[in-house]
Amino acid sequence: MEHAGHDMPGGHAGHDEHQGHDHHAHMIRDFQTRFLVCLVLTVPVLLLSEPVQLLLHLGTKLQFTGSTWALFVLSAFIYVYGGMPFLKGLFEELKAKTPGMMTLIAMAITVAFVYSAAVSLGLQGMDFYWELATLIDIMLLGHWLEMKSVMGASRALESLARLMPSEAHVIMPDGTVMDHPVAHLATGDRVLVKPGEKVPVDGRVEGGASSVNEAMLTGESRPVDKKPGDAVIGGAINGEGALTVVIEKVGSDTYLAQVVDLVRRAQESRSKTQVLADRAALWLTIIALSAGTLTLVVWLFLGRGLAFALERMVTVMVTTCPHALGLAIPLVVSVSTALLAQNGLLLRNRTAFEQARNLQAVVFDKTGTLTTGLFGVTDIVPLNEASTSDEILRLAGAVEAQSEHPVALGIVRSAQERSLALPQISEFLALPGVGAQATVDGHKVMVVRPSYVIDHELAVSSTQVDVLTSQAKTVVYVLVDGAVQGAIALADTIRPESRDAVAALRQMGIKSIMLTGDSRAAAEWVAKDLGLDDFFAEVLPHEKAAKIQEVQKRGLTVAMVGDGVNDAPALAQADVGIAIGAGTDVAIETADVILVRDDPRDVVAVVQLSRATYRKMLQNLAWATGYNVIAIPLAAGVLAGAGFVMSPAIGAVLMSLSTIIVAINARLLKAPGGVDSAPAAIEPGADESKGGLFGE
């Protein structure tokens, strides 16, 4: 992450993110190392422990001269080395006056070790070294799994930085062009942006004409035409023409740097919800301390002696040890994470994923999420009695096959989807700002913008074309030998799966809202087609996070689903950020859940699995804490008068049994049924009448 802060304009704050990411990764490695070391040392501890030998009914006790002290030394090392994170956590929680899981674990392992050491030194009783070792092992494993599952979004800024080119073609005063690092550019420099290259920094076009793809930055699905005087954004992809750009913003003033700042602030403002296990651990800590102390005092008061009273207290503490509680959440998280991955869903933030069960609204980005992000033919309007939809598309596809313009690519793609054979052409000619023309079967065929038809007074009145234009669709005309034969409308095509996703969310009582930088007309067309509850159009990237806040202020728990850089602040601001996997890395790194497939229906699967996961968590927490209602009184010796005194070994067995039950219950978590499969793609155009453009 450090290089992101150095290389990227306005990236001076990247060092803090780098340090945070490294610290988190170091903690994960530390827990992993401690777990593996302690696990290895636990084997001889188990073999040398008398309670384990009794439980295994070993005929010959594994004892030798000094075995008691070897057991003590091994256990002491495990207590200090393996238990150090929890002992530190104990002091931190007590300092913050918020005792929780760390307090309970530290208290349990300390009681087990101190009591066992006292037994080794001559106190009457049975040691708990094996219980100490296994408790520390399981706690380390649980925290290791937990920390891996919540590895955060600290690489978001690095992904943003990769959008920027490393070098720019600087036009020198004498007219020569030299490559310079982007970091060395200054306001007023003139740069050359060649076709297909990324614009290095924010500026204004001084010369040339082209179309620029800003979809990853602004959400605008259509390429934006650029001519002298127009502004361009760093990171946008240039189209078919070369541009001379005068740099206007550098460093922290650039558009992308401001997006970085928005992402950072939104991430820092995200509330840190308390984990259910921590709340349960707090109450269990209070119960364990109270029950243990009360047990010791009562038996001393009843005159049963210090050794008996201590044994009862330790039995209570061991029975209350949070083996099951420590695994209740991490085990369910581990299983649900695996289920998510098997279904094409990657979990990055556990807390936010749990929050998905409470979703009341899902805000979808339009371009690349509800739509394909690719231009496609949506309508073909024949404007000549002899023309047909297929023939118009076949001729347009033949001409545009020689062009790399997004409109041309959309026409060719749609012709291929219809399995139309494209004829050979000759005399192809690109018409900058107008379209293209070529000779097809001896006829001059042109594919042009509406402005050409109007300028040459060739316009044909058509209500259907007017409707398509009002929907903000891109309309081109097909001319044969100077006569208009038909019109083709293109737009960012809607994913068929989007309809299923919106319908499924509605059945779950969740509102579907669209957020886009596209025009209101284009957004309204998509919203009406999908039956959305609401939509926000013409939203600038820096306004998207504010729109999420606006929905949250309605009292709704909100998820944001997007795939672009412009979505990153909104993804971070939302209660749950869900990124389409095919989108840009920054969206993925800022999100809580990643959809590997470009399928909005997976959002429904996320909510369903979140609800199922939460139910399993509650069940596990209920068992992990609930069994204490019976076990603690028995461990305290309430039935001693009836002749039943539960030994520490039996208490440990009951505790272990609860752990096994929690583990089995977690493994029973199943992925819920998904949404019905999407319908087949709708073919563009409706008029399939027979005939041809070159009929007699």
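Please read all numbers here as calculations on a predicted model, not as lab measurements. Numbering of residues begins from 1 in every chain and follows the order in which that chain's sequence is written. Totals for whole chains, interfaces and linings use every residue, but because this is a predicted model, local features are given only for residues with pLDDT of at least 70 and side-chain atom pairs only at 80 or more, for both listing and counting. Values shown for side chains rest on all heavy atoms present in the structure; no hydrogens or waters enter the calculation.

(A) Here's a closer look at the overall build of the chain. Secondary structure counts use DSSP, requiring at least four H or I residues in a row for a helix and at least two E residues in a row for a strand, with both numbered from the N terminus. Along the backbone of the chain there are 26 helices and 22 strands. The proportion of buried residues among the 696 residues of the chain is 54%. Contacts are assigned to residue pairs with any non-hydrogen atoms lying within 4.5 Å of each other. Pairs at least 24 residues apart make up 71% of the contacts formed inside the chain by residues separated by at least 6 positions. Under the convention used here, a 1.4 Å probe and the Shrake-Rupley method define accessible areas, while residue burial counts only the protein chains that appear. When the accessible area of the chain is evaluated, it comes to approximately 30000 Å², of which 58% is carbon and sulfur surface. Classification of residues uses two cut-offs on accessible area relative to the type maximum, computed with a 1.4 Å probe and protein chains only: under 20% is buried, over 50% is exposed, and between them is partly exposed.

(B) Quick look at the confidence of the model for the chain. Residues with a pLDDT of 70 or more make up 77% of the chain, whose mean pLDDT is 78. Each residue carries a pLDDT value, the predictor's own confidence for that position, ranging from 0 to 100. The least confident element of the chain is helix α1 (residues 2-7), whose mean pLDDT is 37; the most confident is strand β18 (residues 511-515), at 94. The low-confidence segment residues 266-274 (pLDDT under 50) makes 17 contacts with residues lying over four places distant or belonging to another chain. In this model, residues 674-696 is a region of pLDDT below 50 whose contacts with residues beyond four sequence positions or in other chains number 49 contacts.

(C) Examining the pattern of salt bridges more closely. Whenever a carboxyl oxygen of Asp or Glu lies within 4 Å of a side-chain nitrogen of Lys or Arg, that contact is scored as a salt bridge. What the rule picks out here adds up to 16 salt bridges. The salt bridge involving Asp-492 is made with Lys-366; its shortest N-O contact spans 3.8 Å. In this pair, Asp-492 sits in strand β17 (residues 483-494) while Lys-366 sits in helix α14 (residues 366-370), placing the two residues 126 residues apart along the sequence. Using a relative accessible area of 4% as the deciding quantity, one classes Asp-492 as buried. Judged by its relative accessible area of 2%, Lys-366 falls in the buried class. Residue Asp-500 pairs with Arg-601 through a salt bridge whose shortest N-O separation is 3.9 Å. A residue pair is termed long-range when its members are at least 10 positions apart, and Asp-500 in helix α19 (residues 496-507) and Arg-601 in helix α24 (residues 601-626) qualify at 101 residues. Each member of the pair Asp-500 and Arg-601 is classed as buried. When salt bridges that share partners are traced, they join Lys-366, Asp-492 and Asp-518 into one network.

(D) Geometry of α19. Along α19, the positions that sit buried rather than exposed are Pro-496, Ser-498, Asp-500, Ala-501, Val-502, Ala-504 and Leu-505. Along its buried surface, α19 packs onto β11 (361-365), α14, β17, β18, α20 (520-530) and α24. Phi for Gly-509, located one or two positions after α19, is positive at around 80°.

(E) Broad picture of the UniProt feature "transmembrane region" (unreviewed entry) in the chain. UniProt positions are given in the numbering used here, feature names are shortened, and annotations may be inferred rather than shown by experiment. In this numbering, the UniProt entry assigns the feature "transmembrane region" (unreviewed entry) to residues 35-56, 68-87, 99-122, 128-145, 280-302, 322-341, 621-644 and 650-669. The span residues 68-87 shows a helical share of 100% and a strand share of 0%, and its end C-alpha atoms are spaced 25 Å apart. Structurally, residues 621-644 comprises 62% helix and 0% strand, and the distance from its first C-alpha atom to its last is 29 Å.

(F) The sheet that holds strand β9 (residues 243-247), seen in detail. The strand order β2-β1-β3-β9-β4-β7 describes an open sheet built from six strands, whose pairing is antiparallel. Of all the strands in the sheet, just β2 (177-181) and β7 (231-232) have a single pairing partner and so form its edges. Being paired, for any two strands, means DSSP has found at least two bridges between them. When strand β1 (residues 167-171) meets β2, the two strands line up antiparallel, connected through five bridges. Along β2, the bridge assignment pairs Glu-167 with Pro-181.

(G) Looking closely at the environment of Met-102. With respect to the helices and strands, Met-102 occurs in helix α5 (residues 101-120). Overall, the relative accessible area of 17% leaves Met-102 in the buried class. When the C-alpha positions of Met-102 and Phe-86 are compared, they lie 5.2 Å apart, and in sequence the two are 16 residues distant.

(H) A look at the environment of Lys-547. Relative to the elements of secondary structure, Lys-547 occurs in helix α21 (residues 541-552). Given a relative accessible area of 24%, Lys-547 falls into the partly exposed group.

(I) Layout of the packing of helix α15 (residues 389-400) against helix α16 (residues 406-417). Direction vectors running N to C along α15 and α16 enclose 130°, while the axes themselves pass 8 Å from each other. As far as their axial angle goes, α16 and α15 are oblique. Remark: the crossing between α15 and α16 carries left-handed chirality. Of α16, the residues touching α15 (which contributes Leu-393, Ala-396, Gly-397 and Glu-400) are Ala-408, Ile-411, Val-412, Ser-414 and Ala-415. Under the scheme applied here, ten amino acids are nonpolar (Ala, Val, Leu, Ile, Met, Phe, Trp, Tyr, Cys and Pro), four are charged (Asp, Glu, Lys and Arg), and all others, including Gly, are polar. Tallied by class, residues from the contact of α15 with α16 come to six nonpolar, two polar and one charged. For every element, the axis is a line fit to its C-alpha atoms; helices are fit only across the contacting stretch, and the angle between N-to-C directions ranges from 0 to 180 degrees. For classification purposes, an angle smaller than 35 degrees is called roughly parallel, one larger than 145 roughly antiparallel, one from 65 to 115 roughly perpendicular, and anything else oblique. Less than a right angle of anticlockwise turn of the near helix away from the far helix marks a crossing as left-handed, whereas a clockwise turn marks it as right-handed.

(J) View of a nonpolar patch on the surface. There is a patch of nonpolar side chains on the surface, built from Trp-623, Leu-657, Ile-660, Ile-661, Ile-664 and Leu-668 and spanning about 550 Å² of accessible area. At four residues, helix α26 (residues 648-667) tops the list of elements feeding residues into the nonpolar patch. Each patch is built from residues that are more than 30% exposed by relative accessible area and take part in no salt bridge. Like charges join if they lie within 9 Å; nonpolar side chains (Val, Leu, Ile, Met, Phe, Trp, Tyr) join within 5 Å.

(K) Structural context of unusual backbone geometry. One non-glycine residue, Asp-441, lies in the positive phi region at around 55°. Mapped onto the fold, Asp-441 is located in the loop between β14 (435-440) and β15 (443-448). The phi dihedral of Asp-481 falls on the positive side, at around 55°, and the residue is not glycine. Residue classification places Asp-481 among the partly exposed residues on the basis of a relative accessible area of 48%.

(L) Main features of the sheet that holds strand β8 (residues 237-238). The strand order across the open sheet formed by three strands is β6-β5-β8, and the pairing between neighbours is antiparallel. For this open sheet the edge positions go to β6 (224-226) and β8, each flanked by a neighbour on one side alone. Note: strand β5 (residues 210-213) against β8, two bridges, orientation antiparallel. Its bridge partner being in β8, Asn-213 is matched across the sheet by Ile-237.

(M) Representation of the nonpolar core. The term nonpolar core refers to a set of buried residues drawn from Ala, Val, Leu, Ile, Met, Phe, Trp, Tyr and Cys, joined through side-chain atoms within 4.5 Å. By size, the foremost hydrophobic cluster in this structure holds 50 residues, and its most contacted members are Leu-359, Val-362, Met-514, Ile-578 and Val-606. Among the nonpolar cores identified, the runner-up in size contains 45 residues, and Ile-28, Phe-31, Phe-128 and Leu-140 belong to it.

(N) Just the side chain of Arg-34, in detail. Among the secondary structure elements, Arg-34 is positioned in helix α2 (residues 14-48). Those residues in contact with Arg-34 that lie beyond four places of it in its chain are Tyr-81, Met-84, Pro-85 and Leu-140.

(O) Representation of the pairing of β9 in the model. Within β9, four of the five residues are buried, leaving the element largely enclosed by the surrounding structure. As paired elements, strand β3 (residues 190-193) and β9 share four bridges and run antiparallel to each other. Residue Arg-190 lies in a different strand from β9, and its bridge partner there is Val-246. In terms of strand pairing, strand β4 (residues 203-207) meets β9 through four bridges, oriented antiparallel. For Gly-203, the partnering residue across the bridge sits in β9 and is Ile-247.

(P) Region of interest: α20. Residues of α20 that are buried include every one of Ala-522, Ala-523, Trp-525, Val-526, Ala-527 and Leu-530, and no others. Contacts from the buried residues of α20 go to α14, β12 (371-382), β17, α19, β18 and β19 (534-536). A positive backbone phi angle near 70° is found at Gly-531, which sits one or two residues after α20.

(Q) Structural view of the packing of aromatic side chains. A pair of Phe, Tyr and Trp rings is counted when the ring centres sit within 6.5 Å of each other, with Trp represented by its six-membered ring. The angle between the planes then sorts it: under 30 degrees is stacked, over 60 is edge-to-face, the rest tilted. This structure, assessed with the given rule, holds five aromatic pairs. A centroid spacing of 4.6 Å and a plane angle of 5° characterise the contact between Tyr-79 and Phe-113, whose relative ring orientation is stacked. Placement of Tyr-79 in helix α4 (residues 67-95) and of Phe-113 in helix α5 is noted, with a sequence separation of 34 residues between them. Like Phe-113, Tyr-79 is buried. Members of the aromatic cluster, each reached through a chain of ring pairs, are Trp-69, Phe-72, Tyr-79 and Phe-113. Remark: a charge is flagged as sitting over a ring if the NZ atom of Lys or the CZ atom of Arg is within 6 Å of the ring centre and within 35 degrees of the ring normal. Over the ring of Tyr-81 we find Arg-34, and its NZ or CZ is 4.8 Å from the ring centre. Note that Arg-357 overlies the ring of Tyr-614, its terminal NZ or CZ placed 3.4 Å from the centroid.

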